[in-house]
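Coordinates in review
This is what each chain is made of:
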Amino acid sequence: MYGAECTTCGESSGATDGESLPAEVWALKHTDSHPAHRTFRAIITSFWRVSPAEGNPHRALEAS
Ligand SMILES: [Zn+2]
């Protein structure tokens, strides 16, 4: 997930799945509307999935 947040006013682009371009375009438009707002925090979120190994009692929950 990719997003951007203006470090001047805190406004956010929201998050998009799999590509950064929408957040980058949002930042350009944000600076166009607010010329003094020129720095952004890039927010990149990745997800992990943990699967219990064979023999782990929690593995049964995976099947249900
Ligand atoms: Zn701003």
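This text gives an overview of the structure that appears in the document. (Residues numbered from 1 in each chain as written. Predicted model: local features only at pLDDT ≥ 70, side-chain atom pairs only at ≥ 80, totals over all residues. Heavy atoms only, no water.)

Applying the stated criterion to the full structure yields two salt bridges. The partner of arginine 41 in a salt bridge is glutamate 5, with the nearest N and O atoms 2.4 Å apart. Here glutamate 5 lies in strand E1 (residues 2-6) and arginine 41 lies in strand E2 (residues 40-44), a separation of 36 residues in the sequence. Across the pair glutamate 54 and arginine 59 runs a salt bridge, and its minimum N-O distance is 3.8 Å. (Salt bridge = Lys/Arg side-chain N within 4 Å of Asp/Glu carboxyl O. Helix = DSSP H or I, 4+ residues; strand = E, 2+ residues; numbered from the N terminus.)

Coordination of the zinc ion by the protein involves Cys6 (SG), Cys9 (SG), His30 (NE2) and His37 (ND1), with metal-donor separations of 2.0 to 2.3 Å. The site at the zinc ion holds four donor atoms, and with the angles between them running 107 to 114°, its shape is tetrahedral. Each donor residue of the zinc ion lies on the same chain, and together they follow the pattern C-x2-C-x20-H-x6-H. Of the two residues, cysteine 9 sits in the loop between E1 and helix H1 (21-33) while histidine 37 sits in the loop between H1 and E2, which places them 28 residues apart along the sequence. Residue histidine 37 is classed as buried on the basis of its relative accessible area, which comes to 15%. (Donors = N, O, S within 2.8 Å, 3.2 Å for Na, K, Ca; no water. Tetrahedral: all angles 85-135°; square planar, octahedral: opposite > 155°, others 65-115°. Buried < 20%, exposed > 50% of the residue type's maximum accessible area, 1.4 Å probe, protein only.)

Following the sequence through the fold, tryptophan 26 ends up in helix H1. Not counting the four nearest positions on each side in its chain, tryptophan 26 is found in contact with Ala4, Cys6, Glu11, Ser12, Ser13 and Phe40. (Contact = heavy atoms within 4.5 Å.)

Let us look at the packing of aromatic side chains. The tally for this structure, following the rule as stated, stands at one aromatic pair. With a centroid separation of 5.7 Å and an interplanar angle of 80°, the aromatic rings of tryptophan 26 and phenylalanine 40 are classed as edge-to-face. Taken together, the positions of tryptophan 26 in helix H1 and phenylalanine 40 in strand E2 put the pair 14 residues apart, joining distant regions of the chain. (Phe/Tyr/Trp six-rings, centres within 6.5 Å; stacked < 30°, edge-to-face > 60°.)

This brings us to H1. Between its terminal C-alpha atoms H1 stretches 18 Å, which fits the 18 Å expected from 13 residues at 1.5 Å a residue. Among all positions in H1, only Ala23, Trp26, Ala27 and His30 are buried. Seen from one end, H1 has its buried residues packed into an arc of 100°, which puts them on one side. More than 90 degrees from the buried face of H1, the exposed residues found are Leu28, Lys29 and Asp32. Residues of H1 that are buried in the fold lie against E1 and E2. (Expected span 1.5 Å × (residues − 1). Arc of directions from axis to C-beta.)

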